[in-house]
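# Structural characterization, general
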Amino acid sequence: MKILVTGATGYIGKRLIPLLSNSDHHVVCAVRDKLRADKSYAEDDTIDVIEVDFLKPETLHRIPEDIDIAFYLIHSMSNSSTDFEYLEERCAINFKNQLEKTNVKQVIYLSGITNDDNLSKHLQSRKNVEDILKSNTYATTIFKAGIIVGSGSSSFEIIRDLVEKLPFMIAPKWLNTKTQPLGVRNVLSFLHNSVGCKDVYNQSYDVFGPEILTYKEMLLQFAEVRGFKRYILTVPVMTPKLSSYWLYFVTSTSYKLASSLVDSMGVQIVGKPSNINNILDVEPMSYKEAVALAFEKIEQNSIISSWKDSMVSSGRLRNQLHKYINVPKYGCFKDYKERQVTNADKTIDKIWSIGGKNGWYYGTILWKIRGYMDKLFGGIGLRRGRTSPTNLDAGDALDFWRVIFADKAQQKLLLYAEMKLPGEAWLEFKIEDGLLKQTATFRPRGLWGRLYWYSVFPFHGFIFNGMINKLVNV
C-alpha cells in the first residue's frame, strides 16, 4: 500500500517508517522541513519525503492523491502558545480537508487515554482532534495510549533522571496518580498491524499495558530494574508550578514541557478494556520488561528517536532549520580559528562525537558552569545531551545546541545555540584544503548582546583554542 506518515520526524513516526517500509509498503513522509528527514530515506526507493505544513494549506497539494492509508501523528506538548488548542484544531481540519480529496481508505490516529471529565488541555485537545478527523469519505482508527515506555521517550528519560540522580525524593502528591504504561514496541505493533484491517475501521480503542501503576510505583520499579534502592516521600504542599520547577531543575526536560507533563499527570489514565489485543495479535509487555528492553537499546547505542530531538524541547527554531543554515556575515562578532589536519577521518569522528557524555574536549568545567547558568535563567542547560554518541543529523539536539547541518561527506557540522542569549549564535566546524576551520558567530541583540560578547570573549579564546587543538590532535 501507499502510506502517508505525518509527524515523520517525531518520536513514533521515526520508528514506524522502517516497519512500514520493511513490510513492502511505499511510505510518503510528510515533514515541515526536509532538512530534518533521515538521510537514509533518499537512498530508499520505497520512501518519499514531501515538505508539508498543515498550518499552511497552500503546501497540502504535495500530498499524493493515490495514498491508501494515512497516519496522523501530529502532537505537541508545548504550552508556550496561548492559542495552542486552536493551532492543533487547524492542523487537523486542514489534514482532513486535504485527505478527503485523495483515495485514502483509512486514517490512523494515535491519541491519549481520556477517561476523566477533568482533562488537561493537551488531552482535551487530542480528544477534539479525534472528533475532527472522523469523516464520511474514509474510515478512522483511533488508538488512545497513556504513558509510552521506550528509550528516548520523554516519560522514560524523566523517570531515568529522577531515579539515577536522587536516592531519596520528596515528591509532589501527583506521584500517587494511577496510569497504565505501555511499551513503545507494543504501540508500534498496534499501529503497524492495523494497516488495512477492516475490523478496526471507524473504531476507537484504549491501548495499555497489563498493570495499573502509580507514578511512584513506576519510579520504584524502574529503580529495581537498574539495581538501585530508592526512597520516595510524597507531600501535598507542592503546587503544579512548584512541581514543574522540581522536574525542570532535576531532569533534562524544559520548563514548558515539565509544566505540560505536570498538567497531564494529575489526571488518572486507566484504559477501557476491549478485544483489540486479540484482533491485532498484540500481547502488551509488563512495565519492567519495557524498561529492560529500553536499556538494551541504550547499551547498543541504537536509539532511533528521542523526545529531546523534538523542537518542543526548546521551541526557538520551530522546525525552520533552513532559516538558520546561512550564517550571517554582517553585524556579527566572530571567533575564527584554523589548524592543520593530520588525519581528516579521525578529526571528523571526534567532531561527530562532541558533546553529551564525551564533553567538549577542553575546559569542561567552564562548559558545565555555562550550562548551570543557562538552567538558572530558564534555559535548557547541558542536561539534554545527545541521542546517539556518534551519529548526528539535522534537527538533533546536542546539549544546548541544535544541529542545523551535518554532512560527513562535505566534512561540515553547523550548530545553532538554543541557550538563553541576548542574540543568536552559531558554531561551525569545516575541513577545507587540509585545514580544520572552526568559527563561532554571534549576532548580538542590542547593547546587552554586545556587552555579553565582550564579557565572554576572554573565555572563548581559552576554550575554543583548546577545543580545536584537541580535535586535530588524533
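### Regarding the overall build of the chain
Of the regular secondary structure elements, the chain holds 13 helices and 19 strands. For the chain, the C-alpha atoms occupy an extent of roughly 65 × 55 × 40 Å along the three principal directions. Restricting the contact set of the chain to residue pairs at least 6 apart, pairs at least 24 apart contribute 74%. Of the roughly 21,000 Å² that the chain leaves accessible, carbon and sulfur atoms contribute 51%. Distance from the positive charge centre (60 side chains) to the negative charge centre (51 side chains) of the chain: 8 Å.

### Thoughts on the pattern of salt bridges
Evaluation of the coordinates by the stated rule reveals 16 salt bridges. The closest approach of N and O atoms between Asp131 and Lys134, which form a salt bridge, is 3.9 Å. When the shortest N-O distance is used, the salt bridge between Asp335 and Lys337 registers 2.6 Å. Each of the two residues, Asp335 as well as Lys337, counts as buried.

### So, the environment of Gln410
The residue Gln410 is located in the loop between strand S16 (401-407) and strand S17 (412-417) in this model. Residue Gln410 is classed as partly exposed on the basis of its relative accessible area, which comes to 49%. Separated by 301 residues in the primary sequence, Gln410 and Tyr109 place their C-alpha atoms 39 Å from one another.

### Overview of a nonpolar patch on the surface
Together, Tyr245, Phe249, Ile365, Ile369, Met373, Leu376 and Phe377 give the surface a local cluster of nonpolar side chains, amounting to about 740 Å² of exposed area. Looking at the nonpolar patch, the elements that each hand over two or more residues are helix H7 (240-250) and helix H12 (364-376). Considering each element in turn, the nonpolar patch owes the most residues, four residues, to H12.

### Regarding the sheet that holds strand S19 (residues 435-444)
Spatially, the six strands line up as an open sheet ordered S14-S19-S18-S17-S16-S15, and their pairing is antiparallel. Edge positions in the open sheet fall to strand S14 (333-340) and strand S15 (397-398), since each of these has one partner strand only. Where strand S18 (residues 423-432) lies against S19, 10 bridges are found, and the strand directions are antiparallel. Within the sheet, the bridge partner assigned to Glu428 lies in S19 and is Thr439. Strand contacts of helix H11 (residues 344-352): S16, S17, S18 and S19, with the helix running at about 160 degrees to S18, the strand carrying the most contacts.

### Digging into the sheet that holds strand S11 (residues 203-207)
An order of S3-S2-S1-S4-S5-S6-S11 is seen for the seven strands of this open sheet, with the pairing classed as parallel. Looking at the sheet topology across the chains shown, the edges are occupied by strand S3 (47-51) and S11. Strand-to-strand twist across the sheet, computed as the mean angle between neighbouring axes with direction ignored, equals 20 degrees. The pairing of strand S1 (residues 2-6) with strand S4 (residues 69-72) spans three bridges and is parallel. Looking at S4, one finds that Leu4 is bridged to Ala70.

### A word on the packing of helix H4 (residues 154-165) against H7
Close contact between H4 and H7 brings their axes to 10 Å; oriented N to C, the two are set at 75 degrees. Put simply, H4 runs roughly perpendicular to H7. Judged by residue contacts, Ile158, Asp161, Leu162 and Lys165 of H4 engage Trp246, Leu247 and Val250 from H7. For the contact of H4 with H7, the residue count by class is five nonpolar, no polar and two charged.

### Some remarks on the environment of Thr364
Here Thr364 lies in helix H12. Taking C-alpha positions, Thr364 is 44 Å from Tyr86, a pair spaced 278 residues apart along the chain.

### What about H12?
Over its 13 residues, H12 extends 18 Å from the first C-alpha to the last, a length consistent with the 18 Å expected when each residue adds 1.5 Å. Turning to H12, its buried residues number three or more, namely Trp367, Arg370, Gly371, Asp374 and Lys375. An end-on view of H12 places all buried positions within 135 degrees of arc, on one side of the element. What points out from H12, more than 90 degrees from its buried face, is the exposed set Ile365, Tyr372 and Leu376.

### Quick word on the side chain of Lys412
Within the secondary structure, Lys412 sits in strand S17. Here Glu428 takes part through its side chain, which lies 3.5 Å from a polar atom of the side chain of Lys412. Excluding its chain neighbours within four sequence positions, the residues that come into contact with Lys412 are Trp352, Phe405, Ala406, Asp407, Glu428, Phe429 and Lys430.

### A look at the pairing of S19
Taking burial as the measure, the 10 residues of S19 include nine buried ones, the bulk of the element. For S14 and S19, the ladder comprises eight bridges, and the chain directions are antiparallel. Residue Gln340 lies in a different strand from S19, and its bridge partner there is Leu435. What sits between S18 and S19 in their antiparallel hairpin is a turn of two residues, with Asp433 showing a positive phi close to 55 degrees.

### Quick look at empty space enclosed by the protein
Scanning the entire structure with this criterion turns up one cavity of 30 Å³ or more. The volume enclosed by the largest cavity comes to roughly 110 Å³. As for the largest cavity, its lining consists of Ser155, Ile158, Ile159, Leu162, Trp174, Leu175, Tyr215, Met218, Leu219, Trp246, Leu247 and Met265. Put simply, the parts of the chain that give the lining of the largest cavity at least two residues each are H4, helix H6 (215-226) and H7. With four residues, the top contributor of residues to the lining of the largest cavity is H4. Residues that form the lining of the largest cavity fall into these classes: 11 nonpolar, one polar and no charged.

### Remarks on the confidence of the model for the chain
Predicted confidence across the chain gives a mean pLDDT of 86, with 91% of residues reaching 70 or more. Across the chain, S4 holds the top mean pLDDT of 97, while helix H8 (residues 255-265) sits lowest at 71.

The rules behind each value
Residues numbered from 1 in each chain as written. Predicted model: local features only at pLDDT ≥ 70, side-chain atom pairs only at ≥ 80, totals over all residues. Heavy atoms only, no water. Helix = DSSP H or I, 4+ residues; strand = E, 2+ residues; numbered from the N terminus. Contact = heavy atoms within 4.5 Å. Areas by Shrake-Rupley, 256 points an atom, 1.4 Å probe, with all protein chains shown as cover. Lys, Arg positive; Asp, Glu negative; His and termini not counted. Charge placed at Lys NZ, Arg CZ, Asp CG, Glu CD. Salt bridge = Lys/Arg side-chain N within 4 Å of Asp/Glu carboxyl O. Buried < 20%, exposed > 50% of the residue type's maximum accessible area, 1.4 Å probe, protein only. Patch = residues over 30% accessible without salt bridge, like charges linked within 9 Å, V, L, I, M, F, W, Y side chains within 5 Å. Pairing = 2+ DSSP bridges. Axes fitted to C-alpha atoms, helices over the stretch in contact; angles between N-to-C directions. Parallel < 35°, antiparallel > 145°, perpendicular 65-115°, else oblique. Nonpolar A, V, L, I, M, F, W, Y, C, P; charged D, E, K, R; others polar. Expected span 1.5 Å × (residues − 1). Arc of directions from axis to C-beta. Polar contact = N/O pair within 3.5 Å; in protein donor to acceptor, adjacent residues only side chain to side chain. 1 Å grid on protein atoms, 1.4 Å probe; cavity = no way out; pocket = protein on both sides within 12 Å on 5 of 7 lines; lining within 4 Å. Points joined across faces, edges and corners; volume = space filled by probe spheres on them. pLDDT = per-residue confidence, 0-100.

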